[in-house]
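Structure assessment
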There are 2 protein chains.
Amino acid sequence: MAPDVARTRMLAAATPLQGAEAMPLVQASGRTLAEDVTALRTQPPFAASAMDGYAVRAADLTSLMPLHVIGEAKAGHPFGGTVGPMEAVRIFTGAPVPDGADAILIQENAQGVGAGVITPTQTEQAGRFVRPAGLDFCTGDCLLKAGTVLDAWHIGLAASMGHGLLSVRSRPRVAILSTGDELAMPGSALREGQIVSSNAFALAAFVESRGGVADDRGIVPDDADTTRRAIANAAEGCDLIVTSGGASVGDHDFVQAALVANGFSISFWKIAVRPGKPLMFGVRGSTLCLGLPGNPVSSMICAILFLEPLLRKLLGQPNPDTDRSEGALLGRALPANDLREEYMRASLGRDDAGNLVATPFSSQDSSIQRLMASADALLIRPAHAPAAEAGTPCRIIRL
Amino acid sequence: MAPDVARTRMLAAATPLQGAEAMPLVQASGRTLAEDVTALRTQPPFAASAMDGYAVRAADLTSLMPLHVIGEAKAGHPFGGTVGPMEAVRIFTGAPVPDGADAILIQENAQGVGAGVITPTQTEQAGRFVRPAGLDFCTGDCLLKAGTVLDAWHIGLAASMGHGLLSVRSRPRVAILSTGDELAMPGSALREGQIVSSNAFALAAFVESRGGVADDRGIVPDDADTTRRAIANAAEGCDLIVTSGGASVGDHDFVQAALVANGFSISFWKIAVRPGKPLMFGVRGSTLCLGLPGNPVSSMICAILFLEPLLRKLLGQPNPDTDRSEGALLGRALPANDLREEYMRASLGRDDAGNLVATPFSSQDSSIQRLMASADALLIRPAHAPAAEAGTPCRIIRL
């Protein structure tokens with residue numbers, strides 16, 4: 001099955017979580033908005049000066065005759081009176097434009113400053129250097145939509161809108177299970193034939209950086225009863241179980257049976273992707289299970305292709321299936337591809353013309369974590385892609 | 001002064017923080033490595049099978065005669081004996097290849113399975129489907145360099161290398177001061193002429209998302225004594241003070257004097273950038289101060305241009321001044337630019353050929369936060385750039 005078909009089916013079976021929590025602005029950064037946010041106030045709340053200078057009546061400038069300075073307006077300190085004919089008020093950026101005035105004469109265009117009188121050296125149109133009330137937004141304007149992942153600019157805008165708290169989606173709780181008798185924790189003594197468990201750490205970091213809460217449930221040995229109990233325990237209190245390994249069709253893979261025994265309905269897809277291949281997806285009510293390959297590189301690539309969109313969907317982000325790929329030029333020739341879409345670990349650079357160039361590493365062995373960690377991007381080779389020369393346009397996903 | 005000249009001077013005055021802390025793997029994600037990390041073990045630690053099948057002596061396959069199956073090797077459960085002539089061991093992916101065997105016959109190429117005897121249907125070269133010990137890395141290999149910002153793949157690799165903790169740089173402590181009598185906290189009642197303080201929230205979110213710890217010191221009124229005391233307090237226990245507003249040459253700007261009174265040596269640059277203009281940088285021993293404009297959009301753009309590289313330098317990340325811009329095509333015609341480099345808020349799209357197209361918003365008023373929050377990118381217009389038609393190559397910084 002093509003990976004995009006499997007992804008579409010997976011996403012169709014998932015629904016956004018309904019939980020939300022109110023967070024102070026800065027802590028809300030990086031979280032996903034649970035509801036539309038409308039302005040509680042108008043910005044600017046008054047006509048404000050955009051420059052340091054003098055608030056004047058534009059009509060009074062035409063004669064370039066002296067104006068009488070009757071007061072001062074600073075940011076936070078309005079001038080209380082009204083500007084009459086041939087009068088001016090000293091004004092600073094951000095201060096309210098006083099009643100009667102309709103333009104700002106910038107200080108560079110005023111002579112004789114300091115004697116209570118200024119002489120304009122230039123005329124201005126009415127409205128010049130005045131920011132009208134509501135130029136940015138008005139009370140009731142909806143400026144941030146539910147599903148937005150909040151960044152620093154959104155936080156600043158929400159503050160200006162008058163919000164001190166924002167309602168953000170609860171983070172999906174993701175239980176991570178690593179399966180395999182060969183796994184040992186980093187730092188522990190390895191028995192013969194064992195390797196260090198690494199996928200759970202990478203997957204937990206991946207989940208946390210993409211808005212979820214990771215709950216590492218440790219290593220599950222290759223045993224039917226233990227696996228069944230581990231799935232039963234993990235399914236309580238989490239939104240998504242992610243398993244690493246134990247999902248292929250080998251003789252010693254117990255995850256699928258354990259899911260069925262726990263009442264999950266299972267979709268099992270041999271996806272036409274390299275590295276990757278077996279992918280499992282299970283549903284029991286609102287609890288989901290994504291079964292990833294045990295090979296570390298395959299696990300990470302399938303996390304990008306499937307776990308990330310699934311988290312986006314659970315968080316209520318728009319278009320969870322958005323194509324994140326972008327264009328580049330191939331840095332070296334590649335042979336024709338077979339029927340499996342390939343995700344090649346590649347470095348990124350620029351050619352002399354400034355074009356992005358993606359050069360796949362010469363080794364694409366999916367057991368080599370070192371190359372995954374040093375890759376800048378995944379280069380996508382579509383199924384059945386013909387042989388391609390260096391310089392051919394290609395698609396990449398930045399890492 | 002050109003912004004890149006100011007940035008180079010600022011970075012020359014900053015030195016990486018020396019503090020580090022040991023963090024568990026998942027919590028180390030997103031942090032900056034304080035030292036090089038070398039492998040504590042060899043991966044894979046033994047020659048391992050890359051497939052499900054039979055461990056054999058490649059030379060025995062040439063006759064395609066039956067082989068006697070003498071045992072089994074599973075991941076984590078090695079076969080203890082030695083494979084002799086015309087013998088085979090049932091083996092699964094990830095299991096150690098037994099002594100005597102030098103190739104894997106994949107199960108699809110074995111007939112008569114189950115009767116203790118298999119018949120190969122194909123020959124293989126020695127080494128086929130065997131991952132030799134150390135294929136990924138060997139004990140002592142340095143695979144992660146100091147200064148690396150750790151992502152999920154780095155975390156997975158560090159686990160495989162045998163590390164349970166990683167030494168990461170302490171996060172720079174950043175005190176944030178907002179200056180201005182016109183500012184009020186979101187949610188508070190506004191006096192006439194006041195506006196809501198928003199920069200501190202945006203800057204705090206910015207600092208936290210880029211590896212710092214933000215300490216919001218609140219609003220400082222336009223008063224010389226209060227500003228001096230606020231700077232004195234902020235300078236204790238922080239690595240960097242960021243001020244918002246109060247740094248221009250207006251009559252009511254007290255920050256520069258307060259810094260001087262507190263023993264900071266000051267560089268004040270009128271940078272040729274729009275929006276932006278005044279930028280202040282101060283140094284007192286190891287404590288730095290970056291003075292940003294008070295205008296919210298200018299503040300955010302200067303944060304991207306100056307605060308982000310400064311945090312990278314303090315965190316010891318390589319090449320803090322790296323150009324983050326990338327190429328795109330202009331989405332609409334633009335007039336010639338003046339002497340100030342301009343950062344225009346723009347939306348991103350694709351043309352029919354798949355090229356990235358950046359279309360600047362028609363309003364570039366730097367007081368409009370709404371447009372900053374909805375922009376996908378900043379389009380860079382170099383100083384003195386000539387008028388440009390739609391479709392002209394340009395540079396952008398993604399937001």
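So, how was this worked out
- Residues numbered from 1 in each chain as written.
- Chains lettered and ligands numbered in written order.
- Predicted model: local features only at pLDDT ≥ 70, side-chain atom pairs only at ≥ 80, totals over all residues.
- Helix = DSSP H or I, 4+ residues; strand = E, 2+ residues; numbered from the N terminus.
- Rg over C-alpha atoms; globule rule 2.2 N^0.38 Å.
- Buried ≥ 20, exposed ≤ 12 C-beta atoms within 10 Å, placed from the backbone.
- Contact = placed C-beta atoms within 7 Å.
- Axes fitted to C-alpha atoms, helices over the stretch in contact; angles between N-to-C directions.
- Parallel < 35°, antiparallel > 145°, perpendicular 65-115°, else oblique.
- Left-handed = near helix turned anticlockwise from the far one by under 90°.
- Nonpolar A, V, L, I, M, F, W, Y, C, P; charged D, E, K, R; others polar.
- Pairing = 2+ DSSP bridges.
- Least-squares fit on C-alpha atoms with pLDDT ≥ 70 in both.
- Domains from an automatic or database assignment.
- Bend = angle between axes of the 7 residues up to and from the residue.
- pLDDT = per-residue confidence, 0-100.

**Description of the overall build of chain A**
Along the backbone of chain A there are 9 helices and 26 strands. Against the compact-globule benchmark of 21 Å for 399 residues, chain A has a radius of gyration of 31 Å, which places it well outside the compact range. Seen along its three principal axes, the alpha-carbon backbone of chain A occupies a region of about 95 × 50 × 40 Å. A burial count over chain A gives 51% of its 399 residues as buried. Within chain A, contacts between residues at least 6 apart in sequence are counted, and of these 71% link residues at least 24 apart.

**Observations concerning the packing of helix α5 (residues 199-209) of chain A against helix α8 (residues 296-314) of chain A**
Pairs of packed helices are described in terms of their axes, by the angle between the two and the distance that separates them. Residues and elements named next belong to chain A. Where α5 meets α8, the closest approach of the two axes is 11 Å, and the angle between their N-to-C directions is 25°. One element, α5, and the other, α8, form an angle in the roughly parallel class. For the element pair α5 and α8, the recorded crossing hand is right-handed. Counting all contacts with α5, which are made through Asn199, Ala202, Leu203, Phe206 and Val207, the residues of α8 involved are Pro296, Ser299, Met300, Ala303, Leu307 and Leu311. A class-by-class count of the residues in the contact of α5 with α8 yields 9 nonpolar, 2 polar and no charged.

**Re the sheet that holds strand β18 (residues 265-270) of chain A**
Residues and elements named next belong to chain A. The 6 strands lie next to each other as β16-β13-β17-β21-β20-β18, forming an open sheet whose pairing is mixed. In this open sheet, the two edge strands, each paired with only one partner strand, are β16 (213-220) and β18. The mean angle between the axes of side-by-side strands here comes to 15°, regardless of whether they run parallel or antiparallel. As judged from the 5 bridges shared by strand β13 (residues 173-179) and strand β17 (residues 240-244), these two strands associate in the parallel manner. Bridged to Leu177 within β17 is Thr243. Lying on the sheet, α8 is in contact with β17, β20 (278-284) and β21 (287-292); it crosses β21 at an angle near 165°.

**A word on unusual backbone geometry**
Going from Gln43 of chain A to Pro44 of chain A, the amide bond is cis rather than trans, its omega being -10°. Residue placement: Pro44 of chain A occurs in the loop between β2 (37-38) and β3 (48-49). Residue Pro275 of chain A follows Arg274 of chain A across a cis peptide bond; omega there is -5°. Structurally, the position occupied by Pro275 of chain A is in the loop between β19 (273-274) and β20. Even without being glycine, His384 of chain A reaches a positive phi, approximately 60°. Looking at where His384 of chain A falls in the secondary structure, it is placed in the loop between β25 (377-381) and β26 (393-398). On the basis of neighbour counts, which here come to 11 C-beta atoms within 10 Å, the residue His384 of chain A falls in the exposed class. Although it is not a glycine, Phe129 of chain B sits at a positive phi angle of roughly 60°. By secondary structure assignment, the location of Phe129 of chain B is in the loop between β9 (117-120) and β10 (130-131).

**Focus on the interface of chain A and chain B**
Contacts between chain A and chain B engage 70 residues on the former and 71 residues on the latter. Of all elements in the fold, only α2 (25-28), α4 (152-160), β15 (195-196), α5, α8 and α9 (369-374) of chain A reach the threshold of two or more residues within the side of chain A that touches chain B. Its residues assigned to classes, the side of chain A that touches chain B shows 35 nonpolar, 26 polar and 9 charged.

**So, the sheet that holds strand β13 (residues 173-179) of chain B**
All names here are of chain B. Reading across from one edge, β16-β13-β17-β21-β20-β18 is the order of the 6 strands in this open sheet, with mixed pairing throughout. Strand pairing shows two members of the sheet lacking a second neighbour, β16 (213-220) and β18 (265-270), which therefore form its edges. On average, adjacent strands in this sheet sit at an angle of 15° to one another, irrespective of strand direction.

**Some remarks on the relation of the copies chain A and chain B**
The transform that puts chain A on chain B rotates by 180° and translates by 0.0 Å along the axis, for an RMSD of 0.1 Å. In symmetry terms, the pair is related by a two-fold rotation axis. The overlap is high: 100% of the interface residues of chain A also sit at the interface in chain B, so the same surface is used on both sides.

**A look at the packing of α4 of chain A against helix α5 (residues 199-209) of chain B**
With their axes 7 Å apart at the nearest point, α4 of chain A and α5 of chain B run at an angle of 160° to one another. By the angle between their axes, α4 of chain A is roughly antiparallel relative to α5 of chain B. Of the two elements, α4 of chain A crosses α5 of chain B, and the hand of that crossing is right-handed. Each of Ala152, Trp153, Ile155, Gly156 and Ala159 of chain A in α4 of chain A lies in contact with α5 of chain B, whose residues at this interface are Asn199, Phe201, Ala202, Ala205, Phe206 and Ser209 of chain B. When grouped by side-chain class, the residues that make up the contact of α4 of chain A with α5 of chain B number 8 nonpolar, 3 polar and no charged.

**A few points about the pairing of β25 of chain A**
Residue and element names in this part refer to chain A. Burial of β25 is extensive: 4 of the 5 residues sit out of reach of the surface. Pairing of strand β23 (residues 341-350) with β25, which is carried by 5 bridges, proceeds in the antiparallel orientation. Residue pairing across strands places Ala346 opposite Ala377, the latter belonging to β25.

**What to know about the domain arrangement of chain A**
Assigned domains of chain A: these are domain 1 (3-15 + 171-314), domain 2 (20-38 + 145-169), domain 3 (48-131) and domain 4 (326-398). Here the C-alpha centroids of domain 3 of chain A and domain 4 of chain A sit 61 Å apart.

**Side note on α8 of chain A**
Each turn of an α-helix holds 3.6 residues, which means side chains three or four residues apart point in the same direction. All names here are of chain A. At Ala303, α8 shows its maximal bend, which comes to roughly 45°. Along α8, 17 of the 19 residues are buried, which leaves the element largely enclosed by surrounding structure. Phi turns positive, to about 75°, at Gly316, one or two residues after α8.

**Quick look at the environment of Pro78 of chain B**
One can find Pro78 of chain B in the loop between β5 (67-73) and β6 (87-91). Take Pro78 of chain B: there are 23 C-beta atoms within 10 Å of it, and that puts it in the buried class. Aside from chain neighbours lying at most four places away, what touches Pro78 of chain B is Glu192 and Gly193 of chain A together with Ala73, Ala95 and Pro96 of chain B.

**A look at the confidence of the model for chain A**
Residue and element names in this part refer to chain A. Taken residue by residue, chain A gives an average pLDDT of 92. The fraction at 70 or more is 98%. The lowest-confidence element of chain A is β18, averaging 83 in pLDDT; the highest-confidence one is β2, averaging 98. In the model output, the complex is listed with pTM 0.92 alongside ipTM 0.91.

**Re the environment of His77 of chain B**
Note that His77 of chain B resides in the loop between β5 and β6. Counting along the chain gives 258 residues from His77 of chain B to Pro335 of chain B, while the straight-line C-alpha distance between them is 71 Å. The contacts of His77 of chain B, once residues within four sequence positions are left out, are Asp181 and Gly193 of chain A.

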